[in-house]
Structure formats: structure tokens, C-alpha cells
Amino acid sequence: MKINIIGAGVSGLSAGCYLQMNGFETEIFEKHSIPGGLCTSWKKGEYTFDGCAHWILGSDKGSSFNKMWSEILDMKKINFHNHDIRLQVDLKNNVNKYGEKVFHLYTNLNKLQAYLTDLSPEDSDQIKKFIKPMRVMQKFDLPPILDDLPFFKSMLRGIKMMRYLEFLYWFLKLKNETNFTFARKLKNPFLKESFEMLYDGEEVNMMILTMPLSVFDLKSAGYPIGGSLNFAKKIEESYLKLGGKIKYNTPVKKIITENGIAKALLVRNNVIHDSDITLSAADWNFTAFDALEGKFVNPQMMNLKELKGLEVFFSVVQFSFGINADLKHLPHFSRYPLDVPIVSPDGTSYDRMEVHIYNYDPTFAPEGKTSVVVSYYTKNRDFWIDLRKKDRPAYRLKKKEFTDRIIELLDIRLGGIKDKIEVTDMATPATFYRYTNNWKGSTQGWLPGKNLLAPSPVNFSFPGLKNFYFSSHWNQPGGGLPIAIKTGRDVAKLICKNNNVEFKIKKIGSD
Ligand SMILES: Cc1cc2nc3c(=O)[nH]c(=O)nc-3n(C[C@H](O)[C@H](O)[C@H](O)COP(=O)(O)OP(=O)(O)OC[C@H]3O[C@@H](n4cnc5c(N)ncnc54)[C@H](O)[C@@H]3O)c2cc1C
């Protein structure tokens, strides 16, 4: 049975791996010349810049996502770096008892608890309440492959269910807790401001903070040395080893349907590729409204298109610099206040700056040199996409002016690096859109709403269309690489089930 897959992002590649393992003949059609989609990095001169993974959930044992990655990759062959400090936040108004304005978010929970309690013994009860749910989360295996266990068969499942209930208790208790509501419960002004500023003054559900922290502590959310593209290429390698085929530089224009059945893909140069099943692992808006011309949508999907229901995740304006300086002494990831707010050409005003120094990945720059990234998250993504479309010189000029301003600010922060910048690169939402087709340049699909676990109305199948499936980070608000592999795996399982094939894993890795 032949399956055509649109997109060699992580979801498409992983679905391809699982389908090949189960005897399907698959071929991926990818518009770009390389695998990975958003999971990417690029080289400029001697420097590599990364556009994705700061951390990959399941990089080691301690998260069941590790089991999943190990099904399609030899995880032992990837060198993951685990940071001691996840983030450094420079405050504006308060100092701690040592006279420092800097807050450190440690990844080791014991260290974090001791650090917070030392800074504010008067808040020790609240600090314990902050740490406790993370310890519970660690015991609870996230459900991704729980459904592979035989129902009610083993003691193991019983234990897992108990842990699940304990997790559920904490989840329900804290589901409305945000960094702001938590900060209000603290007495110490330095800690209050630290928690408020963790997300640059944005109010964010505490699960967004505690879920990764609980996994960082287990050293199971590391950064893959070599970068995101290297990571994606390893999945591509597995897919090809399993007998899968990929056609690069082959944008899909249409999904050809007949009487409500997906029949073939129309690609570049009007070439048609027939198949028994079509799986789109590309952008949801492109798939539903361009490739399928809006013929197979329901009211919920129409609502999404009109931006009712779910919000699109932030896009990013990413400045990357190759600096001829050894910056090993500096924190790898920091956020700090600016004296004067900076206004992006898209109208967003920022009073803080986020700097990512890749001083821990030796593959990113020659010895003595460093790749540095400054990121600004934006919801005014259409500004960049429209400007690039309508007026390319104006787009380039805006990029240049914004980059020059960032260089001035970075020069102050990093202490005179302006003359040492050898390479400059700026990616906008238009760049992310152009390379991956992600609607509005979204970096992770949908933004999670108040209900963090609520599913997306974009399902594995589209209404009224047979022999068609869809999988990507647009299936689950929050997105990210774990969701990409999980959707790829789940859709492959569904295809197996619908075709009376028992879903099996063919071992690839050494784990
Ligand atoms: C700046 C940034 C930082 C991030 N940081 C992290 C992180 O630290 N941890 C994490 O887990 N996640 C992170 N993410 C999110 C993660 O990269 C994505 O959620 C994930 O890669 C999405 O995978 P996907 O396969 O669903 O979609 P995509 O990566 O978008 O893949 C879709 C593929 O389909 C192809 N395609 C689209 N249209 C067509 C067409 N018409 N014809 C042929 N091919 C087509 C695209 O080129 C692409 O290759 C980050 C993303 C960004 C941009």
C-alpha cells in the first residue's frame, strides 16, 4: 500500500519511520532541500545558527518521550548537553540579600529549592508548594505510550494509574496558577519580581514552567550538540534505512481528490503522484485551504481560520551573530531589562532583551569564536510576511535598521563586541513562513489556551475525506518536537488500525 507524505518535518519523518516499520511503502514530498522543517539550523561562514531546539523533551531516560525517540533514533549516539542554569533573569527593581540583581533558574530541583529558600526563608512554605508538584510529575510517566500497555493487565499499569491520580490532583489544584498568582503569594520582593519577569513580564500558566523544570532535573530535556538540523538528519537517516523515499525541492500544490477520496498529489511542474493514502504533515492552513481548497472543513476549522477559538503561537524575529570572541564566561541564556524600550518595525515594543550564547556547543563556531542569538517574539507576524511580499527593498531596509539597533544594544551588554562581529543574520516570521509554510510564521502551531491539555480542532482526519490523514504540531496546542513525533506515531498507529495491520516497532537504536 503506497502512502504519499507531504513534509519532511519531524512529524512527517517520524510517521514515515513508523509506517515503514509496519510494511507500508511511503514517499515524502518536501518543498525544501533538507529535512527537519522548523527543526533546523543553518551555516553562515564559519558559524552555525540554530532556529529551534533549546531542549528536547525525552533526551534521556526520565521521560517516556525518550522511549519514543529511541524507537526512531539511536539516542545513545546523540550527545545532549544539560544546563546547570536554565535561565538567568536580570531584574530592574530589586536586589537579593547578596546585593545581586540576577535571578538564576537552576535545573536541579534540590539546588533550586535551596537557592530560593536561602534568598527568602520567609517563603519556604510557598517554595515547597512550588517544588512538590514537580516531584509528583517526575513520578508520573506522561501518557504518550501508556496506551501501548495491555489494559488492566499488569501491576505496572496499576502503579502508573495511582501516579496518574496523584498528578491529576496536583494538576487540578494548580491548573489556574500562573507566575503572577504565584508571585503574589511570595513575601520576598526579589523573588516576587523574579517570578513575574520569568517570561518578560507576561503572565504564563505555571505548568509551562514546572513541566520542563521537572524534566530538566532528571536530565531528560537536553540540548542536542550539533544543533537541530543535525538532529533532524538523524531521523531522516533512520527513515531512509527503513526503506523510505524522499523527494526534496518538491512542493506539493494540490491534493487531488475524487468523490471524497484522496487519490494523488500534484507537485512542482504539474507532476502527479498517485497513492492509496495521503498523509499531510505540513501546515494545517495550507493543507485545508490551499491543497484541499477548503472543501473538507468543519465549522471549528473555519473558526480557527478566522482566528476564533485558538490563538496562533508567537513567531520570532531572530538575530544571529558570529562573533570573533570567546564568550565562555557568560551565561548561555539570559533576559535583562533595557534602559529604553526598543520598538520593532512590526510595532511591538520590548523593554527587555533575550540573549542566547552558544558557548556550550563547540560545533557552532571555531575555537575562540561564538554564535550568539537574540530573539524577539511577536504576534504581528503578518507585518513581516506582507512586507516581504509587497515591497522587498523596504523589507530588507527594516531588517537592516532593526539589526543595527540590536548590535548597539548587544555591544553594551557583551562589552564591546561590535567590531568583532564577523557574520550577521536576521530571520523574521516571513523567513519561517517561507521555508516551512507554517501559517503566520508560527513557531509551534497553536498557543495553548487556559486549558493546557485541550486538543486542537485540527484532527488526524478531515471531515468528508477518505484515505487522507493529517499530523503535525498543529494537532495539539503548544506544539514542539515531542508533539511532532507523538502525532507522527499516533497517526501511523491509526493508519495501521484502519488497515487491519498490527502496529509494531522495528528496533533501530541501541536502547
Ligand atoms: C525558534 C524556534 C524555537 C523552537 N524551540 C523548540 C524547543 O526548544 N523544543 C521543542 O521541542 N520545539 C521547539 N520548537 C518547535 C518545533 O520546532 C516545532 O514544533 C516542530 O519542529 C514542528 O514539526 P512539524 O513536523 O509538526 O512541522 P514542520 O517542522 O513545520 O514541518 C512541516 C514540513 O512540511 C513541509 N512543507 C510545508 N508545505 C509543503 C508543501 N506544500 N509541499 C512540500 N512540503 C511542504 C515544510 O517545508 C516542513 O519541512 C521551536 C521552533 C522554533 C521556530
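In case you missed it, the structure is sitting above this.
On a predicted model such as this, the values are computed, not experimentally measured, just so you know.

Colleague: Quick question: what am I supposed to make of the overall build of the protein chain here?
Modeller: Broken down by element type, the protein chain carries 15 helices and 22 strands. Relative to the compact-globule value of 24 Å for 511 residues, the protein chain shows a C-alpha radius of gyration of 23 Å, a close match. Seen through its C-alpha atoms, the protein chain measures out along the principal axes to roughly 70 × 65 × 45 Å. Evaluated residue by residue, the protein chain yields a buried proportion of 45% over its 511 residues. Expressed as a percentage of contacts within the protein chain between residues at least 6 apart in sequence, the contacts between residues at least 24 apart total 71%.

Colleague: What should I look at first to understand the site of the ligand in this one?
Modeller: Taken together, 40 residues lie around the ligand, and Gly-7, Gly-9, Ser-11, Gly-37 and Leu-481 are the ones closest in. Elements that contribute at least two residues to the shell around the ligand include exactly helix 1 (10-21), helix 14 (429-436) and helix 15 (481-498). Tallied by class, the residues present in the shell around the ligand amount to 20 nonpolar, 17 polar and three charged.

Colleague: Is there a simple way to explain the sheet that holds strand 2 (residues 25-29) in this structure?
Modeller: The pairing of strands in a sheet happens through backbone hydrogen bonds and is either parallel or antiparallel. The parallel open sheet is built from five strands, whose spatial order is 10-2-1-14-22. What marks the edges here is a single partner per strand, and that holds for strand 10 (245-247) and strand 22 (468-470). Between one strand axis and the next, the sheet turns through 20° on average, direction left out of account. Pairing analysis gives three bridges linking strand 2 to strand 10, with the strands arranged parallel. In the strand pairing of strand 10, Phe-29 is matched with Lys-247.

Colleague: Mind showing me how you'd approach the sheet that holds strand 11 (residues 252-258) here?
Modeller: If you walk across this open sheet you meet the three strands as 11-12-13, and the pairing is antiparallel. Every interior strand has two partners, whereas the edge strands, strand 11 and strand 13 (271-274), have only one. Strand-to-strand twist in this sheet, taken as the mean axis angle between neighbours without regard to direction, amounts to 30°. Relative to strand 13, strand 12 (residues 261-267) is paired through four bridges, and the arrangement is antiparallel.

The rules we used
Residues numbered from 1 in each chain as written. Predicted model: local features only at pLDDT ≥ 70, side-chain atom pairs only at ≥ 80, totals over all residues. Helix = DSSP H or I, 4+ residues; strand = E, 2+ residues; numbered from the N terminus. Rg over C-alpha atoms; globule rule 2.2 N^0.38 Å. Buried ≥ 20, exposed ≤ 12 C-beta atoms within 10 Å, placed from the backbone. Contact = placed C-beta atoms within 7 Å. Near = placed C-beta within 6 Å. Nonpolar A, V, L, I, M, F, W, Y, C, P; charged D, E, K, R; others polar. Pairing = 2+ DSSP bridges. Axes fitted to C-alpha atoms, helices over the stretch in contact; angles between N-to-C directions.

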